[in-house]
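# Architecture at a glance
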Amino acid sequence: MLFFNKKQKLIDTGILNGAVDWHCHILPGVDDGVAKMDDSLEVLSYYEEIGIREVWLTPHIMEDIPNTTDELRNRYDELRAAYNGSVKLNLAAENMIDNLFIERLENDDFLTIGDKGQYLLVETSYFQPPIDFYKTLKLIKEKGYSPILAHPERYGYMEENAYDYLISMGVKLQMNLMSLVGAYGKAAQEKAVNILSKGYYSFFGSDLHRLKAFQGAINEKALKKDVVEKLQGIPNFIV
């Protein structure tokens, strides 16, 4: 019985060895994430150390942080020029569903995920859904994109049936690893475990803004064995 109750630190699960980080804020100086190039390089060095093989840089784009596609591409080129390690770098964005998003949707002005550019990482406010949320998700699909909803476990307004409906719509769900270990509070952690138990997550990501916070979460926080097994069942790749 003690074996089945044994907990395991996230760093020791093996889930990060060879993994893809689908969501992080380590493109320097563009949002509320990593501020300096040296800090970005430090994060990437740590990724090499723990075995992460590929990362999608997903800086915020929203009305409060109106990054443009060209600005982000230029900054991305600077990071690629500065980094000579083994982690594969890719550029996308985390898109807040707001008025700016609707304008960009009309113009197909997005940094997408996937070799075919088919996936679009989107988020909402943590406290309330955007107006016509589900209608907007349908418009995204009609435009030929496959929406990935970032960290759905963190949306306080979402009830359990909302996750069922999102999956029925064909929306992919991306879990923050730090949600699972309680870094955002008990409510988000419980939701993460619940969504995970249903097999609804297709991707996971660090959502890393600060290296020390991520290191603390994966090196100090432990997960129950049954949660680890479900975590290891997340596909975490594009199909």
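Below you will find a few notes about this structure. (Residues numbered from 1 in each chain as written. Predicted model: local features only at pLDDT ≥ 70, side-chain atom pairs only at ≥ 80, totals over all residues. Heavy atoms only, no water.)

## Focus: the layout of surface pockets
Threshold: In the cavity and pocket records, a cavity denotes points on a 1 Å grid over the protein atoms alone where a 1.4 Å probe fits but cannot get out, a pocket denotes an open set with protein on both sides within 12 Å along at least 5 of 7 lines, and lining residues are residues with an atom within 4 Å of a point. Grid points are joined across faces, edges and corners, and a volume is the space filled by probe spheres set on the points. As a working rule, the residues Ala, Val, Leu, Ile, Met, Phe, Trp, Tyr, Cys and Pro are called nonpolar, Asp, Glu, Lys and Arg charged, and the rest polar, with Gly in that last group.
By volume, the largest pocket amounts to about 350 Å³. Surrounding the largest pocket, 16 residues form its lining, I97, D98, N99, P130 and I131 being those nearest its centre. Looking at the lining of the largest pocket residue by residue, the class counts come to seven nonpolar, five polar and four charged.

## A closer look at empty space enclosed by the protein
For the structure on display, the rule yields one cavity of 30 Å³ or more. Around the largest cavity sit L16, A19, V20, D21, I52, L177, F204, G205, S206 and F214, which together line it. Each residue belonging to the lining of the largest cavity can be placed in one class, and the counts come to seven nonpolar, two polar and one charged.

## Describing the pattern of salt bridges
Note the following rule: The salt bridge criterion pairs a side-chain nitrogen of Lys or Arg with a carboxyl oxygen of Asp or Glu, the two atoms within 4 Å. Only runs of H or I of at least four residues qualify as helices and only runs of E of at least two qualify as strands under DSSP, and these elements are numbered from the N terminus. Burial status follows relative accessibility: with a 1.4 Å probe on protein chains alone, a residue under 20% of its type maximum counts as buried, one over 50% as exposed, and anything between as partly exposed.
One pass over the full model with this rule turns up ten salt bridges. Salt-bridge contacts for E78 lead to R75; the nearest nitrogen and oxygen are separated by 2.4 Å. Taken together, the positions of E78 and R75, both in helix α3 (residues 69-82) and three residues apart, correspond to about one turn of that helix. Residue class for E78 comes out partly exposed when judged on its relative accessible area of 42%. Of the residues examined, R75 reaches a relative accessible area of 22% and is grouped as partly exposed. With a shortest N-O distance of 3.9 Å, E190 and K186 are connected by a salt bridge. Here the residue E190 and the residue K186 both occupy positions in helix α8 (residues 186-197), the gap between them amounting to four residues, near one helical turn. Overall, the relative accessible area of 60% leaves K186 in the exposed class. Members of the salt-bridge network, linked through shared partners, are E160, D164 and K198.

## Considerations on the packing of helix α2 (residues 37-50) against α3
Convention followed: The axes are straight lines fitted to the C-alpha atoms, using for helices just the contacting stretch, and the angles between their N-to-C directions are given from 0 to 180°. Roughly parallel here means an angle under 35 degrees, roughly antiparallel means over 145, roughly perpendicular means 65 to 115, and every remaining angle is called oblique. Left-handed describes a crossing in which the near helix is turned anticlockwise from the far one by less than a right angle; the clockwise case is right-handed. Whether two residues are in contact is decided by their heavy atoms, any of which lying within 4.5 Å being enough.
It is the contact of α2 with α3, at a shortest axis distance of 11 Å, that shows an interaxial angle of 60 degrees. Here α3 runs oblique to α2, going by the angle between their axes. Read as a crossing pair, α2 and α3 show a hand that is right-handed. Facing M37, S40, L41 and L44 of α2, the residues of α3 in contact are R75, E78, L79 and A82. The residue makeup of the contact of α2 with α3, split by class, is five nonpolar, one polar and two charged.

## Description of the side chain of T58
Our working definition: The term polar contact refers here to a pair of N or O atoms within 3.5 Å; inside protein, the definition further demands a hydrogen-donor-capable atom paired with an acceptor-capable atom, and it admits residues adjacent in sequence only when both atoms are side-chain atoms.
Along the polypeptide, T58 turns up in the loop between β3 (54-57) and β4 (60-61). The exposure class of T58 is buried, given its relative accessible area of 0%. Of the polar contacts made by the side chain of T58, one reaches the backbone oxygen of C24; its length is 2.9 Å. The contact partners of T58, leaving out residues within four places of it in the chain, are W22, H23, C24, H25, A92, A93, E94 and L121.

## A few points about the packing of aromatic side chains
The relative placement of two aromatic rings is captured by the distance of their centres and the angle of their planes. Inclusion rule: Paired rings are identified among Phe, Tyr and Trp, the last through its six-membered ring, by centres lying within 6.5 Å, and are further divided according to the angle between planes into stacked (under 30 degrees), edge-to-face (over 60) and tilted (the rest).
Taken as a whole and judged by the stated rule, the model has ten aromatic pairs. Their ring planes at 65 degrees and their centres at 5.0 Å tell us that W22 and F203 sit as a pair that is edge-to-face. Note that W22 is positioned in strand β2 (residues 20-24) and F203 in strand β10 (residues 201-205), a separation of 181 residues in sequence. The pair formed by W22 and F203 is uniform in burial state, with each residue classed as buried. Ring centres 4.9 Å apart and planes at 90 degrees place the aromatic pair Y134 and Y165 in the edge-to-face group.

## Some thoughts on the sheet that holds β3
Strands belonging to one sheet form pairs held by backbone hydrogen bonds; the direction of such a pair is parallel or antiparallel. Note the following rule: When DSSP locates at least two bridges between a pair of strands, those strands are taken to pair.
Reading across from one edge, β2-β3-β5 is the order of the three strands in this open sheet, with parallel pairing throughout. The sheet is open, and its two edges are formed by β2 and β5 (88-91), each paired on a single side. Neighbouring strand axes in the sheet, compared pairwise and without regard to direction, differ in orientation by 20 degrees on average. Here β2 pairs with β3 via three bridges, running parallel.

These figures come from the coordinates and say nothing about function on their own.
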